[in-house]
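Spelled out, the chains give:
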Amino acid sequence: MDTFKLTTVEENEAATARLLETGALVGADSWQQRVKNQTPHCKFGEEGACCRICSMGPCRITPKAPRGICGCDVHGISGRNFLRFTAGGSATHSDHGREICHTLHTVKPDGDYQVKDPEKLIRIAKEWGVETEGKDIYDLAHEVSELALLEYGKPFGVQRWLSRAPKKTQEIWHREGIEPRAIDREVSTAMHMTHMGCSSLPEALIRQALRCGLSDGWGGSMCGTEFSDVMFGTPMPIDTEANLGVMEKDMVNIIVHGHDPSLSEMIVKYAEDPEMLALAKSVGAKGINIAGVCCTSNEVAMRHGIPMAGNFLQQENVVLTGACEAIVVDVQCIFPALGPLSKCFHTKFITTSDIARMPDSDFIHFDCENAGENAKQIVKTAVENFVNRKQDLVHIPDIKQKATVGYSFEAIVKTLDTVTNSFVDVVGTTKPLVECVRSGVVRGAVAMVGCNNPKVRPDSAHVELMKKLLKEDIILVVSGCSAQAAAKAGLMDKRAKDLCGDGLKRVCELADIPPVLHMGSCVDISRMMILVAELAKDSGWDITQLPVVGCAPEWMSEKAVSIGNYVVATGIDTFLGVHPMVKASNVVDGLLQGGIRDWVGANYHVQLDIDKLGDEMIEAIEAKRDALGI
Ligand code: XCC
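All of these numbers come straight from a predicted model, not from anything done at the bench.

1. A closer look at a nonpolar patch on the surface
A cluster of nonpolar residues, M56, I69 and M196, forms a patch on the protein surface that exposes about 280 Å² of accessible area. In this structure, M56 sits in the loop between β1 (50–51) and β2 (59–60).

2. Some remarks on the coordination of the nickel atom of the ligand
No other protein atom reaches the nickel atom of the ligand as a donor apart from C522 (SG), found 2.0 Å away. For C522, the position within the fold is in the loop between β13 (516–518) and α21 (525–539).

3. Structural notes on the packing of helix α18 (residues 460–471) against helix α25 (residues 610–628)
Interaxial distance between α18 and α25 falls to 10 Å at its minimum, and their mutual angle equals 40°. The angle between α18 and α25 falls in the class oblique. When you trace α18 past α25, the crossing you get is right-handed. Residues A461, L465, K468 and L469 of α18 form the contact with α25, whose own contacting residues are I610, D611, L613, G614, D615, M617 and I618. Residue composition of the contact of α18 with α25, by class: 7 nonpolar, 1 polar and 3 charged.

4. Remarks on the pattern of salt bridges
Evaluated as defined, the whole model comprises 46 salt bridges. Across the salt bridge formed by D459 and K488, the nearest N and O atoms sit 2.8 Å from each other. With D459 in the loop between β11 (444–448) and α18 and K488 in helix α19 (residues 480–489), this pair connects stretches of sequence that are 29 residues apart. Neither residue differs from the other here; D459 and K488 are each classed as buried. Taking the shortest distance from any N to any O, the salt bridge between E464 and K467 comes out at 3.3 Å. Of this pair, E464 and K467 both sit in helix α18, 3 residues apart, roughly one helical turn. E464 sits in the partly exposed class, given a relative accessible area of 40%. For K467, a relative accessible area of 26% puts it in the partly exposed group.

5. What about the UniProt feature "binding site: [4Fe-4S] cluster 2" (unreviewed entry) in the chain?
The UniProt entry lists C51, C54, C59 and C70 under the feature "binding site: [4Fe-4S] cluster 2" (unreviewed entry), expressed in the numbering used here. A maximum C-alpha distance of 10.6 Å among these annotated residues, which run over 20 residues, shows that they cluster at one spot. Structurally, the position occupied by C54 is in the loop between β1 and β2. What makes C54 partly exposed here is its relative accessible area of 28%. Of note, C59 is situated in strand β2. Setting aside residues up to four positions removed in sequence, C59 forms contacts with A49, C50, C51, G68 and I69.

6. A look at the pairing of strand β7 (residues 326–329)
Burial of β7 is two-sided: the residues A326 and V328 facing one way and the residues I327 and V329 facing the other way are all buried. Handedness of the crossover joining β7 and strand β8 (residues 348–351) through helix α14 (residues 338–343) is recorded here as right-handed.

7. A word on the domain arrangement of the chain
Each assigned domain of the chain is listed here: domain 1 (46–232), domain 2 (244–393) and domain 3 (402–628). Here the C-alpha centroids of domain 1 and domain 2 sit 30 Å apart. Approximately 1200 Å² of surface area, both sides summed, lies buried where domain 1 meets domain 2, with 52% of it carried by carbon and sulfur atoms. Its largest share of buried area at the contact with domain 2, domain 1 owes to D112, Y113 and F232, together 46% of the area lost on that side. Here domain 1 and domain 2 share 1 salt bridge between them. Here D229 and R303 are joined by a salt bridge, their closest N and O atoms 2.8 Å apart.

8. Some points on the site of the ligand
What surrounds the ligand is the set H259, C294, C295, F312, C333, G450, C451, C481, C522, M556, S557 and K559. In the shell around the ligand, the residues fall into 8 nonpolar, 3 polar and 1 charged.

9. Describing the nonpolar core
F227, I267, I288, V446, M448 and M617 are the most contacted members of the largest nonpolar core, which totals 172 residues. The element that contributes the greatest number of residues to this core is helix α9 (residues 202–232), accounting for 13 residues. Setting aside chain neighbours within four positions, we find M617 in contact with V446, M448, L465, L469, V549, C551 and F575. Listed in part, the 32 residues of the second largest apolar core include L244, A309, A337 and F349.

10. Considering the sheet that holds strand β15 (residues 574–576)
A sheet is described by the order of its strands in space; here 6 strands give the open sequence β13-β12-β11-β14-β15-β16, paired in parallel fashion. Where the open sheet ends on each side, the last strands, each with one partner, are β13 and β16 (604–606). With direction set aside, neighbouring strand axes in the sheet form an average angle of 25°. Along the sheet, α18 makes contact with β11, β12 (474–478), β13 and β14 (548–552), crossing β12 at roughly 145°.

11. Some remarks on the packing of aromatic side chains
Under the defined criterion, the tally for this structure stands at 7 aromatic pairs. Between Y113 and F232 the ring centres are 6.0 Å apart and the planes differ by 65°, which places this aromatic pair in the edge-to-face class. With Y113 in the loop between α4 (74–105) and α5 (118–127) and F232 in helix α9, this pair connects stretches of sequence that are 119 residues apart. The exposure class assigned to Y113 is buried, which follows from its relative accessible area of 2%. Between W128 and F227, the ring centres sit 6.1 Å apart and the planes meet at 75°, which makes this aromatic pair edge-to-face.

12. Some points on the environment of E127
Relative to the helices and strands, E127 resides in helix α5. In this structure, the C-alpha to C-alpha distance between E127 and E241, residues 114 residues apart in sequence, is 37 Å. If we skip the residues at most four places from it in the chain, E127 touches W161 and R164.

What counts and how
Residues numbered from 1 in each chain as written. Predicted model: local features only at pLDDT ≥ 70, side-chain atom pairs only at ≥ 80, totals over all residues. Heavy atoms only, no water. Patch = residues over 30% accessible without salt bridge, like charges linked within 9 Å, V, L, I, M, F, W, Y side chains within 5 Å. Areas by Shrake-Rupley, 256 points an atom, 1.4 Å probe, with all protein chains shown as cover. Salt bridge = Lys/Arg side-chain N within 4 Å of Asp/Glu carboxyl O. Helix = DSSP H or I, 4+ residues; strand = E, 2+ residues; numbered from the N terminus. Donors = N, O, S within 2.8 Å, 3.2 Å for Na, K, Ca; no water. Axes fitted to C-alpha atoms, helices over the stretch in contact; angles between N-to-C directions. Parallel < 35°, antiparallel > 145°, perpendicular 65-115°, else oblique. Left-handed = near helix turned anticlockwise from the far one by under 90°. Contact = heavy atoms within 4.5 Å. Nonpolar A, V, L, I, M, F, W, Y, C, P; charged D, E, K, R; others polar. Buried < 20%, exposed > 50% of the residue type's maximum accessible area, 1.4 Å probe, protein only. UniProt positions renumbered as here; feature names shortened; annotations may be inferred. Right-handed = clockwise from strand over helix to strand, strands pointing away. Domains from an automatic or database assignment. Buried area = accessible area lost by both parts, 1.4 Å probe. Near = heavy atom within 4 Å. Core = buried A, V, L, I, M, F, W, Y, C linked by side-chain atoms within 4.5 Å. Pairing = 2+ DSSP bridges. Phe/Tyr/Trp six-rings, centres within 6.5 Å; stacked < 30°, edge-to-face > 60°.

Structure (structure tokens):
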């Protein structure tokens, strides 16, 4: 058996440095260089003291100029900026969810998209009061997809998915006036409130930011996750590999990057098509290798074991290997830099969505009505490009780790059932986990999520924090680029259990799990919401009492703020390693880092010293345990 060793951040950096040498040879730009060009950042922007909302400005707040031209002070300005930031993220996740609902509307027994998890569909239909008896599963899928689409614009009422939360949490949302109504309405309201001459009261702006976040996590994202599972299967544990070493020297490498599995599922399918495989052979390749970047990677890794080439700040690296025939993207987190970069190599940068059009790309429109045909054309374009590879530029870093991924909520419950006899005698619940926590074998859990950000040494915060927490018997559930950081490091290899304290190590052995559980992409943080909701119901504790915290140590996107808002609004303290752009306002910052606790029982904690951030999370978890008397 080969010995197990984590991949260090230094090893990743060495691999990157080698790739940047190739980049220098071909005159490629890099994010590392652009960070230098952009530093120092504008302080007004970074701290939220710049208002660009009307054309009387932009106005910048200083001690000498404490109000903008309209008279808005720094608290109103930074509160509005924060709300707009949230609206951007919420819209993005929710629109992804909407696309998935549209894809669900196209399912056919012999179509490109089918119902792969009918049980889940029936469960949701019953939850929504839809008659299921004697109904064809495809008719049911169409009916449910229409109901889901109505959630985006319904004139009355609140989100259907809210009823999944514990009663107490729903009461808090109701009491505080932050229950999300129609998904799109919360985004529109946010834009309206922040228009010139509307809200400048920080409390009102932050309240809407929470509500708009909730319409993402307990609305649009939940549609994205649940209906993806219905069509593509609910993830179950599966083995894969992670890091740039998953690219294959002798094969056609197609990188799928972005978010929506409607595209990546089809690329994966057509890469196995005999006609495409024959084409690959005919151009001298041994086969077709698909690997992923960003959340798309999480989607196809969880369902098919497709290897993960890397996370957000590794997207340029896949092109720099010189062995990427095509990088196929849909929406979100795609560097426009990939256009010019791909031109330095033979790589085809294939954009597919009207939502994400970029210069220097080949646009092959992908829509769910013609999915198979479009996907085939994309795969064919990539395969035919193999002959253009410049062999002297090819260097694939010999660096990868094994990972077991695919811990959906359902997979976690199923795994817990296998150890049920050791703890409790019921199946199909989270009770074994509750008992582990109650007894102290597991002290608590951290949901670690979010991006990379050049403001933090890439992956270092994710990985160092995970290692620190595991030692303290704190289990990790992860998603997004944090999940890939963990997989690249080796923390999703079951052998990583040796990094845990004795209690958690024993649990990993009994349940046969890695200590860091991959729950999916960023829309799948909705899975984490379901998990905490069920933990609360099964334990009899409120969500706010659970020894569970959220953490985004390297976050960068608007989506991350939307997520943070719904996690906090659900009653879970959330720890950030990058300051939201509100520092200029002690009122807004004070609300986020304290004041909102009176509303929802949780708040943000910002700490730029990563080791201290870890200490604070451990303290928070222990404090919750003390309060519960466990
Ligand atoms: Fe994007 Fe979702 Fe962030 Fe990664 S973690 S950089 S948002 S891919 Ni979502």
